[in-house]
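Architecture and fold: a report
Next come the chains, spelled out residue by residue.
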Amino acid sequence: MWHYSTICSILISLQYVTSQKAGNEYPSFFNIGGVLSNNDSETHFSMVIAHLNFDQQYVPRGVTYYDKTIRIDKNPIKTALDVCKHLISRRVYAVVVSHEPTGDLSPAAVSYTNGFYQIPIIGISSRDAAFSDKNIHVSFLRTVPPYYHQADVWLEMLSHFGYTKVIIIHSSDTDGRAILGRFQTTSQTNYDDIDVRATVENIIEFEPKLESFTENLMDMKTAQSRVYLVYANTEDSYVIFRDAALNNMTETGHIWIVTEQALQANNTPIGVLGLKLNYANSENEHIRDAIYVLASAIKEMMTFNETITEAPKDCDDTGSIWESGKKMFNYLKTRNIRGATGQVAFDNNGDRMYAEYDVINVQSSSQYTKVGSFFYDAEKGRMKLKINDTALIWPGNTEKKPEGIMIPTHLKVLTIEEKPFVYVRELMDDEIDCDDDEIVCPHFNSTDGSEKDFCCKGYCIDLLKALAQRINFTFNLALSPDGQFGHYQLKNLTTGIGTGVKKEWNGLIGELVSERADLIMAPLTINPERAEFIEFSKPFKYQGITILEKKPSRSSTLVSFLQPFSNTLWILVMVSVHVVALVLYLLDRFSPFGRFKLTTNDGTEEDALNLSSAIWFAWGVLLNSGIGEGTPRSFSARVLGMVWAGFAMIIVASYTANLAAFLVLERPKTKLSGINDARLRNTMENLTCATVKGSAVDMYFRRQVELSNMYRTMEANNYDTAERAIQDVKDGKLMAFIWDSSRLEYEAAKDCELVTAGELFGRSGYGVGLQKGSPWTDAVTLAILDFHESGFMESLDKEWIFHGSIQQCEQFEKTPNTLGLKNMAGVFILVGVGIIGGVGLIIIEVIYKKHQIKKQKKMDIARNAADKWRGTIEKRKTLRASLAMQRQYNIGLNTVSKSISQAVDKNRYPKLSPLPRTPERAWPGDHEITRNRRNNDQVYKPPPRYMPTYATDVSHLVV
């Protein structure tokens, strides 16, 4: 007789072949495997499938489901072999797996085996975090949530009670780290309101199988939070509760919220709040939900005409992947139905969503009372927490809800140098302590661990003193370790449930976020990036962002005195001077009345105006200098001279007035009009601007999309500190420094050469920074509001920010500029050029005169030589004439008895008789000498010429 299972296998094979021949794209029957923990579960599994075949809502006509179950074994290898032998060989389309009470690895073996062939597995009791890893358990879903999903309920409970700062205690296994990651990720993504978002003050991680927890409890005592979230197994929870009770940490003021496993410890203190999963041990209900979820997915695949091929049959066949199984797993993850255990849905990891919990309150050693529930709200489509606060008993057996935090009275305060809010000076070796108005503020160098003592005073220091006195706390003050306000860097974060991005802060913000400081008292700008990680008080000073630049002084070049007139006008004036001089010369020369006799006894007559004198006259009138000589003599020329004098008066008056406007009265304006100035927006122009990197202003530019081009340009120029940037503005190395308006207005008031440009933008305020959930936030805010109302903040403004410097700069603005050497240097240079030019000209004149004298001497020598030659010639001529006369004399002596002197023919020999020197018979050069005598020059007297005087007695002549 054949076995029942064998007969079923034959019938199933025949049905499958029949359906394939009929041309259907999906089989008419589906085998569902079950790996269960007991007989009751197996029987219930068969019954549920039998009832499913009659439920037309989930099973289409012509489709039948068959069950095939095996018993789970605590030996995972045997379980895996049984799955191959009894389930995969029967072509199961999916497997429902339970959990063996004494073993943890068998469900994993089932998942590995079926996942290799892409056969979907639906777990009904496995809650380990490892099954969420789809890289290993590729086709595993579960109708129960993993343990780390209890973090979602924790966050809802903390929000309900108003606790914002907690300490998480967890084991170092996969589930413990997963619940921490789930808590932090969900807190940041699902709770946008920073005022109610829970933050982790401290994390206590321990190795399982604890022996003592006292050392960790000592660390917890130093923290502010008194809210403890515990994930631990039952054995470790016993040790934690035992040591906590010994250190009085289970009494009034402490809050313990634990998971399901910890709640099962037999020494759970009174007042502990814990969770309990509904239907956690109801395997039958989970079997029903698993089967109906599977049927729903298969029906939807048929509805969308998805092809469902035959399931794998042989574990030895490793050559192919069942693609229909992958599709079926994706359809399973999209299920959202109402089942026996509540609303059944799955996330991307195949984990159960919308699982419901009871909130349990330990009210006595034997009384675990349900005081609330975490359930699915069908109307809103999300989970909802409901707790009866009046039924709660808190640790210490009290009904009053604890504050959840211990308020410290001694705070660690950090600040940073930023004038005028915080002035810092180094404490000298010979100084014992700071001055009365200062506070010691050491600087701890985080790089080399060194420490230096400084003294701090200023606006913020006085405000800190007032706050400490008003709300009653003491403090230690220190400087920022790295000298920065703080900015964040994005870093990859790996948790038990995946990867993410984390913002890591440095500077003052980093110290506050890492809880190494309690309060920041500095000009700390309130912005969204910082407010996400720290809390701010109400602003103690409102401000914005502005631009600091150096006042653009008018360029004092060597030709500054020429600035009142344009180049064209100067050229026209120069041309006019010489044109007028030329016309004066012409008018005076050609006028019939240009020459007249002076009223002197000698009757001399003055010449007309020459060109040199005309130019001298024109310049003299223009420059308003005295004219001693060389004035026009004709009436027409004098009329032109009067017109020229009027022109010169207008030109000189205009020049004088405009020179005062240029060099004295005009105050320079700013170079930039504000943040919207095109020169700032245009990255091609050579205009350097910068801010302090990592500051609130830097973050502002990152947020503004319209300023992205400008930010990319200025990012490379950003400074480490504001002091260096301001100094570079003063030195002219930086053209524009963009920073907080309070600081820049202070600098502009202190140094009248600096000015702020444009209107404020990016308005914000300075606030006191505190840790998230700090108990001092409200007290500090109320105190600051009181200070504003009482006028204390105004007194700080007057004392530290204004200093009377604004009035000084206003007076400076009203006072005309004093002309200095750099303004009038060109005039002095012009005088120097004139002096040098005069000296140069006199040298040229002397050289020229010497040249003329040499030339004259050469001329005289040549003239003397010519005269001598001429005298020699005349001598010879005279000698010849004498000889001739002697001959005639000798001849005539015989005939005429007269003297020889009467016989000479004076008409024939005129040179033999001396003649008077008349102008007609003047010597060569006499006219030139006469002209020189008229010009009062030295008269050159030629050497005596050879003038022979011939006597009538020529008896001495020898023939």
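This report concerns the structure included in the present document. On a predicted model such as this, the values are computed, not experimentally measured, just so you know.

**As for the overall build of the protein**
From N to C terminus, the protein includes 27 helices and 33 strands. Relative to its full complement of 959 residues, the protein shows a buried share of 44%. With the model as given, the accessible surface of the protein reaches about 51500 Å², and the carbon-plus-sulfur share is 54%.

**Overview of helix H2 (residues 39-52)**
Between its first and last C-alpha, H2 extends 20 Å over 14 residues, near the 20 Å set by a 1.5 Å rise per residue. Listed as buried for H2 are Ser 41, Glu 42, Phe 45, Val 48, Ile 49 and Leu 52. Around the axis of H2, the buried residues are gathered within 125° of arc, so they sit on the same side. Seen from the buried face of H2, the exposed residues on the opposite side, beyond 90 degrees, are Asp 40 and His 51. Those residues of H2 hidden inside the fold are in contact with strand E1 (29-36), strand E2 (64-71), strand E3 (92-97) and helix H10 (283-303). For H2, the side-chain oxygen to backbone nitrogen distance between the N-cap and Asp 40 is 3.2 Å, and the N-cap itself is Asn 38.

**Quick look at helix H20 (residues 708-715)**
Each turn of an α-helix holds 3.6 residues, which means side chains three or four residues apart point in the same direction. Within H20, the full set of buried residues consists of Met 710, Tyr 711 and Met 714. Buried residues of H20, viewed axially, fall in a sector of 100°; they line one side.

**Section: a negative patch on the surface**
Together, Glu 426, Asp 429, Asp 430, Glu 451 and Asp 453 make up a region of like negative charge exposed at the surface. One can find Glu 451 in strand E21 (residues 451-452).

**Describing unusual backbone geometry**
Here Lys 419 and Pro 420 are connected by a cis peptide whose omega angle stands at 0°. Considering the arrangement of structural elements, one finds Pro 420 in the loop between strand E17 (410-415) and strand E18 (423-426). Positive phi values are uncommon outside glycine, yet Asn 305 reaches one of about 55°. On the accessibility criterion, Asn 305 (56% relative accessible area) is exposed. Phi angles above zero are rare outside glycine, and Glu 515 is one such case at about 60°.

**Brief notes about the pattern of salt bridges**
Taken as a whole and judged by the stated rule, the model has 27 salt bridges. In this structure, the salt-bridge partner of Glu 260 is Arg 127, at a minimum N-O distance of 2.6 Å. Linking Glu 260 in helix H9 (residues 260-263) with Arg 127 in the loop between strand E4 (121-123) and strand E5 (140-142), this pair joins segments that are 133 residues apart in sequence. For the pair shown, Glu 260 and Arg 127 are each scored as buried. Each member of the salt-bridge network shares a partner with another, and the members are Glu 418, Glu 723, Arg 743, Glu 747 and Lys 750.

**Section: the sheet that holds E4**
Taking strand neighbours across the sheet as the criterion, the five strands line up as E2-E1-E3-E4-E5 in an open arrangement whose pairing is parallel. Of all the strands in the sheet, just E2 and E5 have a single pairing partner and so form its edges. Sheet twist, expressed as the mean angle between neighbouring strand axes with direction ignored, is 25°. As judged from the three bridges shared by E4 and E5, these two strands associate in the parallel manner. Bridging from a neighbouring strand, Ile 122 pairs with Leu 141 of E5.

**Looking at the sheet that holds strand E19 (residues 439-440)**
Here we have three strands laid out as an open sheet, ordered E18-E22-E19, and antiparallel in their pairing. Single-partner strands in this sheet number two, and they are E18 and E19. Summarising the sheet, E18 and strand E22 (residues 454-457) pair through four bridges and their orientation is antiparallel. Pairing of Tyr 423 across the sheet is with Lys 457, part of E22.

**Regarding the packing of aromatic side chains**
Tallied over the full model, the rule gives 29 aromatic pairs. A ring pair is formed by Phe 540 and Tyr 766, whose centres lie 6.2 Å apart and whose planes are at 40°; its orientation type is tilted. Placement of the pair is Phe 540 in the loop between strand E27 (535-536) and strand E28 (541-550) and Tyr 766 in strand E33 (residues 754-770), with a sequence separation of 226 residues. One exposure class covers both Phe 540 and Tyr 766, and it is buried. An aromatic cluster is built from Phe 30, Tyr 65, Tyr 93 and Trp 322, whose rings are joined through pairwise contacts. For Arg 288, the ring lying beneath its charged end belongs to Tyr 292, and the centroid distance is 4.3 Å. For Arg 702, the ring lying beneath its charged end belongs to Tyr 488, and the centroid distance is 6.0 Å.

**Comments concerning a positive patch on the surface**
A grouping of Lys 380, Arg 382, Lys 384 and Lys 386 is seen on the molecular surface, where their side chains present a positively charged patch. For Lys 386, the position within the fold is in strand E16 (residues 382-387). Taking relative accessible area as the criterion, Lys 386 reaches 58% and is therefore assigned exposed.

**Focus on the state of the cysteines**
Within the structure shown, the criterion is met by three disulfides. Here Cys 84 pairs with Cys 315 through a disulfide, and the sulfurs are 2.2 Å apart. Taking the sign of the S-S torsion, about -100° here, the bridge from Cys 84 to Cys 315 comes out left-handed. Highlighted residues: Cys 84 in helix H3 (residues 76-87) and Cys 315 in the loop between H10 and helix H11 (323-333), separated in sequence by 231 residues.

**Let's talk about the packing of H2 against H10**
With their axes 10 Å apart at the nearest point, H2 and H10 run at an angle of 35° to one another. For the element pair H2 and H10, the recorded crossing hand is right-handed. For the pair H2 and H10, the contacting residues are Asp 40, Ser 41, His 44, Phe 45, Val 48, Ile 49, His 51 and Leu 52 in the first and Glu 283, Asn 284, Ile 287, Arg 288, Ile 291, Tyr 292 and Ala 295 in the second. Here the contact of H2 with H10 is built from residues that sort into eight nonpolar, four polar and three charged.

**Concerning the side chain of His 137**
Counting through the fold element by element, His 137 comes out in the loop between E4 and E5. Ignoring any residue separated from it by four or fewer positions in sequence, one finds His 137 in contact with Ala 108, Ser 111, Tyr 112, Ala 130 and Phe 131.

**Quick notes on a nonpolar patch on the surface**
Taken together, Ile 835, Val 839, Ile 842, Ile 843, Val 846 and Ile 847 make up a surface patch of nonpolar side chains, about 530 Å² in accessible area. Within the secondary structure, Ile 843 sits in helix H26 (residues 821-893). By relative accessible area, which is 45% here, Ile 843 ends up partly exposed.

**A short note on the pairing of E17**
Walk down a regular strand and you will see the side chains alternate between the two sheet faces. The pairing of E17 with strand E23 (residues 474-479) spans six bridges and is parallel. Among the inter-strand pairings, Leu 414 is bridged to a residue of E23, identified as Ala 478. Sheet analysis places E17 next to strand E26 (residues 519-525), joined by two bridges and oriented parallel. Directly across from Leu 414, in E26, lies its bridge partner Ile 520.

Parameters at a glance
Residues numbered from 1 in each chain as written. Predicted model: local features only at pLDDT ≥ 70, side-chain atom pairs only at ≥ 80, totals over all residues. Heavy atoms only, no water. Helix = DSSP H or I, 4+ residues; strand = E, 2+ residues; numbered from the N terminus. Buried < 20%, exposed > 50% of the residue type's maximum accessible area, 1.4 Å probe, protein only. Areas by Shrake-Rupley, 256 points an atom, 1.4 Å probe, with all protein chains shown as cover. Expected span 1.5 Å × (residues − 1). Arc of directions from axis to C-beta. Contact = heavy atoms within 4.5 Å. Polar contact = N/O pair within 3.5 Å; in protein donor to acceptor, adjacent residues only side chain to side chain. Patch = residues over 30% accessible without salt bridge, like charges linked within 9 Å, V, L, I, M, F, W, Y side chains within 5 Å. Salt bridge = Lys/Arg side-chain N within 4 Å of Asp/Glu carboxyl O. Lys, Arg positive; Asp, Glu negative; His and termini not counted. Charge placed at Lys NZ, Arg CZ, Asp CG, Glu CD. Pairing = 2+ DSSP bridges. Axes fitted to C-alpha atoms, helices over the stretch in contact; angles between N-to-C directions. Phe/Tyr/Trp six-rings, centres within 6.5 Å; stacked < 30°, edge-to-face > 60°. Lys NZ or Arg CZ within 6 Å of the ring centre and 35° of its normal. Disulfide = S-S within 2.5 Å. Left-handed = near helix turned anticlockwise from the far one by under 90°. Nonpolar A, V, L, I, M, F, W, Y, C, P; charged D, E, K, R; others polar.

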